[in-house]
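# Survey of secondary and tertiary structure
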Amino acid sequence: MPGERKSKDGGRPSAPSDEFASARMTSVLLSPDKSGKKSMDGSSGGFDHVLPSKFYLQRQASTVDVMRRHEKFGYDPLDRALQEEKNRLERKKLGVMSSVFGEKKMSPQEEYEHNVKKLLRDHLTTMEQHGIVFHHEFVEERLGFAILVARYGTEGRKFIQVEETFPHCECYPEILKPTDELIEVNDKLILLPQHDDPKEHEVFEVLRKKIAESKRPLKLTFIHGERRDEAFLEQENRREMRGLDRPDAKKSALRGESEQCVRMATVALESLKNAAMNGDSESGTASKSKINEQVATCTHLASDADKRIADNRYAAQEKEVDGTKQITNTNLQKCIKIQKEADAILAQLLDKLKAEQLLIDEANRFAAAATQARESAENAAEEGHAQSLLSAVNDARNAETGVKKVEHEKLDQATAYPSTTTQIKAAVKKTTEERERAEAAQLKFLSAQAAKKCDLGGVASSEFHEEDAFDASKDIDDALERLSKLRDRLRNSQNPNPENVKVVDDAYASVKNDRDAAQAGIYAAQAKLARDQAEEFAKDNKANEAEEAAARAAVAESKIKDIRTRLDEEKNDPSRDAANHDDTKAKVDEATKSATSDRIVAEAAAAKAHAHTVLEKSEGQDNSAIDAALQRLADLLNRARTNPDATDEAKATVAGYAQQASGDKHLNESQQHAAAASKAREETQSALERSDFDEAKSAAERAGAAAVAAAAAKKAVDKDEHANNDTKLAVAGNTAKARDEAALAEASRHAAAAKMARKDADAAAEKGDAAGARSAAMRAAGAESEAAAV
C-alpha cells in the first residue's frame with residue numbers, strides 16, 4: 001500500500017527496545033482467500049492451540065509442503081492461532097472472559113503477548129528445522145531492502161515482509177529475496193498487533209525507523225518467502241523493462257537483454273539448487289526449463305548481434321556493434337555454462353530421486369508384506385491353525401527386520417531428502433504396527449489354547465497333571481506380560497495408531513480373562529484332587545492324612561475366591577472387555593462352586609475317618625469321638641445347605657458320611673449290649689455249675705439288663721434319620737442276640753432251680769417227709785413254669 005513500501009536505508013543508531021512494535025498497522029493482502037477454506041473462530045480461553053510444529057508433524061509435511069504451506073493448507077496453524085488470540089483478547093477486554101494464567105493473574109494484554117511469543121517461537125523453530133531460516137549481520141548502514149506489512153487473506157496474521165532488494169544490499173541477489181519474512185532483530189521477535197487501527201501507518205514508520213537506526217552490526221533473522229524465487233525474477237524483469245524505456249539505454253538493448261538472461265538463468269540455477277536440496281523434481285525441472293529459455297533467448301540475441309555486423313546501417317557504429325557482439329556471445333557462454341551445470345544438477349537430482357524411490361518402494365513392499373502377514377495371522381488365529389499363525393507372525397517380523405535394514409543400512413539419512421526419510425519412516429512405522437498386531441493375535445490365541453489346558457473342573461483327579469497345568473498357566477502369564485509391555489509402549493509413544501491401541505487392548509483384556517479362568521480351573525482341579533485323596537484316606541481310616549487333604553482343598557477354594565473378588569472389583573475396569581469379563585466371571589463362579597463342594601466333602605470324610613480311628617483305638621468303649629464327629633458333620637451339612645456355592649452332590653455326600661458316623665455309633669452300642677448279654681449268660685452258666693444260685697440269678701439279671709439296653713439302642717436307630725437300613729438291620733441282629741442271651745441265662749437259671757427242687761423233693765420222699773416233698777415239688781413246678789415262660 002502507498003506509504004508502507006519504505007526502504008530501511010539511512011538513519012542513525014539508537015538502543016533497541018525489548019520487543020519491536022506494539023501498536024496497530026494496516027495490512028497488505030498477499031492473496032485472496034482460497035475458496036473452500038473455513039473462516040477461523042475464536043476459542044474458549046487459555047493456551048489450547050495446535051502448535052505449528054505439531055501441526056506439520058501430524059501431517060508428515062515435507063520441506064516443500066512447508067515452503068508452500070498456504071498453497072497446500074490455506075490458513076496455516078500460526079494464522080489460526082493468532083486469529084484466535086486476537087478474538088480472545090477482544091472478548092476479555094469486554095469483560096466476557098477472565099485472564100488468569102497459572103497461579104498469577106495477568107492482564108488480557110499480558111496474556112495475549114505471552115501466548116503470541118510462544119506461538120511465534122515455535123513457528124520460527126519449526127521453519128529452522130526445515131532449513132528455511134537464515135541470519136545475517138549487516139555492517140553497512142544502508143541495508144539495501146524495503147519492507148512492508150503483509151498478511152495472507154483477510155484473516156491471516158500480519159508480519160513484516162521484504163518488498164524489494166537492491167544491488168547494494170549485502171545479501172543481493174542470492175541470499176535475501178522479495179517475500180522473505182523478517183521475524184527477529186538482534187534475536188528479538190517482532191510482535192505485530194493483529195487488530196486494525198487508523199494510526200497503524202505511524203506505528204509502522206516507528207518500527208521501520210528503529211530497525212534502520214539500530215547499531216551495526218545488526219543481526220536480522222529471515223524466513224524464506226513462499227514464492228521468493230518467482231518474486232525475485234519479477235523484480236528483475238520490472239527493472240529491466242524500466243531500463244529499456246530510457247533513450248540512452250536503447251542503444252545497448254542487446255547487451256542488457258543478454259545480461260538479463262544471465263541474471264535470470266543464475267536465479268533459476270539457485271532455484272534448481274534449492275530444489276535439488278529438497279528433492280523437489282517438479283520445481284527442479286521447472287527451473288531447468290527457465291534456464292533453457294534464457295539460453296534460447298541469449299542465443300537469439302547473439303544471432304541478432306551477428307546480423308548487425310552485416311547491416312550497412314550500422315557501419316558507422318561498427319566498433320559499438322563489435323562490442324555488443326562480444327558481450328552477447330560472452331553472456332551466451334555464461335548461460336550455456338549455467339545450463340550445463342543445471343543439466344548435471346538436475347541429472348543428479350533425478351538419479352538420486354530414482355535411487356531413493358527404489359528404497360521407498362522396497363520399504364513399502366515390506367510394509368505391504370507385513371500387512372498381508374498380519375491379516376494371515378488374524379485369519380489363522382480365528383480358524384485355530386497354530387502352525388499357520390506362527391508362520392505369519394514370523395513373516396511379519398521378517399518384514400520389520402527388512403524395512404529397518406532399509407532405514408538404517410541402505411538409506412543415508414545424512415544426505416537423503418526429507419521426503420524420502422519421511423516416507424521410509426512411515427513404512428517402518430506401518431510395518432512395526434502390523435507386526436505388533438500379528439503378535440497380539442498370536443498371544444491371544446496361545447493364551448486361549450493354554451487356558452483350555454487349565455479348564456479341568458470336569459475331569460477325574462487321575463487325569464489332572466498339575467505340572468502341565470502350571471506350565472500352561474505360565475504361558476498365559478508370559479503372554480500377558482508381553483502384551484502389557486506392548487500396551488505401555490503404545491500408550492507412551494507419540495501419535496500411536498488408534499487401531500493398534502484398540503487391537504492390543506482387546507488382546508490384553510482377553511488374555512487377562514484367560515489368566516483368571518485358567519488359575520481358577522487349576523485351583524478347582526487341586527480341590528477335586530484333595531477331595532479324592534481325603535475320601536481314599538477315609539476309607540482306610542487314615543484320619544491325619546484325610547485332614548491334611550481337606551486343608552489343601554480349603555487353600556485351593558480360598559485362592560479361587562480371591563480371583564472372584566478381584567473380578568468383582570474390576571468389573572468396570574477399562575482393561576477388561578465387558579462380554580469377556582462376564583464369561584470369565586461365570587467360569588470362576590463355576591470353579592468356586594466346585595472347589596467349595598470338594599472342600600466340604602473332604603472335611604466330612606476327614607471327620608468320619610477321625611471318629612472311626614478314635615473308636616478303634618478305644619476298642620469300642622469311647623463314643624465321645626463319634627459324638628464329636630456327628631456334631632461336626634451336622635454343622636457341615638447345615639452350612640452346606642445354606643451355602644449357595646455347595647452343590648447338591650456335595651450335600652448328599654456329607655449326609656452320607658453323617659449316616660455312616662451315626663450308624664457306627666448305634667452299631668457299636670448294640671454290639672456292646674450283645675457282648676454284655678453273652679458275657680452275663682456265660683457267667684450265669686458258670687455260677688449254676690458251681691451251684692451258686694445267687695450269683696447265677698445276679699448274672700441272669702445283668703444279661704436281662706443288657707438285652708433291655710440293646711432294645712433301647714434299636715429303638716433309637718429306628719428313629720435316627722441319618723441311619724441307613726444296613727445299620728438298622730445290624731443293630732436289630734445285635735438286639736436279638738442280646739435278648740436271646742438274656743433269655744438263655746434266665747432259662748438256664750430256672751431249669752437249674754427246677755432240677756434242684758426235684759432233687760430235694762425226691763430226697764424228702766425217701767425220708768418220708770411228705771410235706772417237704774410237696775414243697776420241693778411245688779418249687780420245681782414253679783421253676784419249670786418260669787423256664788417255660790422264658
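The notes below deal with the structure included here.

Conventions used here
Residues numbered from 1 in each chain as written. Predicted model: local features only at pLDDT ≥ 70, side-chain atom pairs only at ≥ 80, totals over all residues. Heavy atoms only, no water. Helix = DSSP H or I, 4+ residues; strand = E, 2+ residues; numbered from the N terminus. Buried < 20%, exposed > 50% of the residue type's maximum accessible area, 1.4 Å probe, protein only. Contact = heavy atoms within 4.5 Å. Pairing = 2+ DSSP bridges. Axes fitted to C-alpha atoms, helices over the stretch in contact; angles between N-to-C directions. Parallel < 35°, antiparallel > 145°, perpendicular 65-115°, else oblique. Lys, Arg positive; Asp, Glu negative; His and termini not counted. Salt bridge = Lys/Arg side-chain N within 4 Å of Asp/Glu carboxyl O. 1 Å grid on protein atoms, 1.4 Å probe; cavity = no way out; pocket = protein on both sides within 12 Å on 5 of 7 lines; lining within 4 Å. Points joined across faces, edges and corners; volume = space filled by probe spheres on them. Nonpolar A, V, L, I, M, F, W, Y, C, P; charged D, E, K, R; others polar. Phe/Tyr/Trp six-rings, centres within 6.5 Å; stacked < 30°, edge-to-face > 60°. Lys NZ or Arg CZ within 6 Å of the ring centre and 35° of its normal. Expected span 1.5 Å × (residues − 1). Polar contact = N/O pair within 3.5 Å; in protein donor to acceptor, adjacent residues only side chain to side chain. Left-handed = near helix turned anticlockwise from the far one by under 90°.

Helices and strands together make up the secondary structure of the protein, namely 21 helices and 10 strands. Expressed as a percentage of its 790 residues, the buried residues of the protein come to 46%. Taking all contacts inside the protein whose residues are at least 6 apart in sequence as the whole, residues at least 24 apart take part in 78%.

Across the 5 residues of strand E8 (residues 181-185), 5 count as buried, placing the element largely inside the fold. Sheet analysis places E8 next to strand E10 (residues 218-223), joined by 4 bridges and oriented antiparallel. Bridge pairing in E10 places Val185 opposite Leu220. The sheet contact formed by E8 and strand E9 (residues 188-189) spans 2 bridges and is antiparallel. Within E9, the position partnered with Val185 by the bridge is Lys188. The antiparallel hairpin formed by E8 and E9 contains 2 residues in its connecting segment, where Asn186 sits at a positive phi of about 50°.

On to the packing of helix H4 (residues 77-93) against helix H5 (residues 108-129), then. Remark: H4 packs on H5, axes separated minimally by 10 Å, with the N-to-C direction vectors making an angle of 175°. The angle between the axes of H4 and H5 places the two elements in the roughly antiparallel class. Between H4 and H5, the residues in contact are Leu78, Ala81, Leu82, Glu85, Lys86, Arg88, Leu89, Lys92 and Lys93 and Pro108, Gln109, Glu111, Tyr112, Asn115, Val116, Leu119, Leu120 and His123, respectively.

Bringing the side chain of Asp514 into the picture now. Take Asp514: it is sitting in helix H14 (residues 498-539). For the buried Asp514, which has no salt bridge, the nearest side chain bearing the opposite charge is Lys587, at an N-O separation of 5.7 Å. Setting aside its immediate chain neighbours within four residues, Asp514 contacts Lys444, Ser447, Ala448, Ala451 and Ile476.

Moving on, we get to empty space enclosed by the protein. Taken as a whole and judged by the stated rule, the model has 2 cavities of 30 Å³ or more. The computed volume of the largest cavity comes to approximately 90 Å³. Along the walls of the largest cavity sit 14 residues, with Leu120, Arg157, Lys158, Ile190 and Leu192 positioned nearest its centre. Of all the secondary structure elements, the ones that give two or more residues to the lining of the largest cavity are H5, strand E7 (158-165) and E8. Looking at the lining of the largest cavity, its residues break down into 10 nonpolar, 1 polar and 3 charged. Estimates place the volume of the second largest cavity at around 30 Å³.

What follows is about the layout of surface pockets. As a volume, the second largest pocket reaches approximately 600 Å³. Lining the second largest pocket are 19 residues, and of these Tyr56, Leu57, Gln58, Gln60 and Thr422 lie nearest its centre. Mapped by element, the contributors of at least two residues to the lining of the second largest pocket are helix H1 (52-58), H5 and helix H12 (418-453). With 6 residues, H12 is the largest single contributor of residues to the lining of the second largest pocket. Along the lines of polarity and charge, the residues of the lining of the second largest pocket split into 5 nonpolar, 12 polar and 2 charged.

Right, let's get into the environment of Ile132. Assignment of secondary structure puts Ile132 in the loop between H5 and strand E5 (133-138). The sequence separation of Ile132 and Val66 amounts to 66 residues, and the corresponding C-alpha distance is 9.2 Å. If we ignore the near neighbours within four places in the chain, the residues touching Ile132 are Thr63, Val66, Met67, Met127, Phe222, Ile223 and His224.

For the bond running from Tyr172 to Pro173, omega is 5°, close enough to zero to count as cis. By secondary structure assignment, the location of Pro173 is in the loop between E7 and E8. The omega angle of the peptide bond from Arg216 to Pro217 is 0°, so this bond is cis rather than trans. Counting through the fold element by element, Pro217 comes out in the loop between helix H6 (200-213) and E10. Its identity as a non-glycine residue notwithstanding, Asn186 has a phi of 50°, on the positive side. Under the relative-accessibility criterion, Asn186 is labelled partly exposed at 28%.

With that out of the way, let us pick up the environment of Ala738. For Ala738, the position within the fold is in helix H20 (residues 725-766). Judged by its relative accessible area of 0%, Ala738 falls in the buried class. The spacing of Ala738 and Ala677 is 61 residues in sequence and 5.1 Å in space, taken between C-alpha atoms. Look past the residues within four positions of Ala738 in its chain and what remains in contact with it is His673, Ala674, Ala677, Ala703, Ala706, Ala707 and Ala710.

This next bit is on the packing of aromatic side chains. A full pass over the atoms with the stated rule returns 8 aromatic pairs. Between the aromatic rings of Phe145 and Phe222, the centroid separation amounts to 5.9 Å while the plane-to-plane angle is 80°, which identifies the pairing as edge-to-face. In this pair, Phe145 is assigned in strand E6 (residues 145-151) and Phe222 in strand E10, connecting sequence segments 77 residues apart. Here Phe222 falls in the buried class, since its relative accessible area comes to 0%. In this structure an aromatic cluster arises from ring pairing among Phe134, Phe138, Phe145 and Phe222. Seen from the ring of Tyr417, Lys352 lies directly overhead, with NZ or CZ sitting 4.4 Å from the centre.

Summed over the entire model, instances satisfying the criterion amount to 48 salt bridges. Between Lys561 and Glu557 there is a salt bridge, and its shortest N-O distance comes to 3.3 Å. With Lys561 and Glu557 both in helix H15 (residues 543-569) and 4 residues apart, the pair spans about one turn of that helix. Given the relative accessible area of 31%, Lys561 is considered partly exposed.

When the terminal C-alpha atoms of H5 are compared, their 32 Å separation across 22 residues agrees well with the 32 Å that a helix rising 1.5 Å per residue should span. By the burial criterion, the buried members of H5 are Glu111, Tyr112, Asn115, Val116, Leu119, Leu120, Asp122, His123, Leu124, Thr126 and Met127. Immediately downstream of H5, the backbone of Gly131 shows phi near 75°, a positive value.

Moving on, we come to H14. Over its 42 residues, H14 runs 62 Å from end to end, which matches the ideal 62 Å to within 8%, given 1.5 Å per residue. For H14, a buried count of 30 out of 42 residues is recorded, marking the element as mostly surrounded by other parts of the structure. At the N-terminal end of H14, a side-chain oxygen is found 2.9 Å from the backbone nitrogen of Glu499, two or three residues along, and the residue is Asn497. Of the residues trailing H14, Asn541 is marked for its positive phi of about 60°.

One can describe the packing of helix H18 (residues 648-689) onto helix H19 (residues 693-719) by two numbers: an axis separation of 8 Å at closest approach and a directional angle of 165°. The angle between H18 and H19 falls in the class roughly antiparallel. Seen along the crossing, H18 lies across H19 with a hand that is left-handed.

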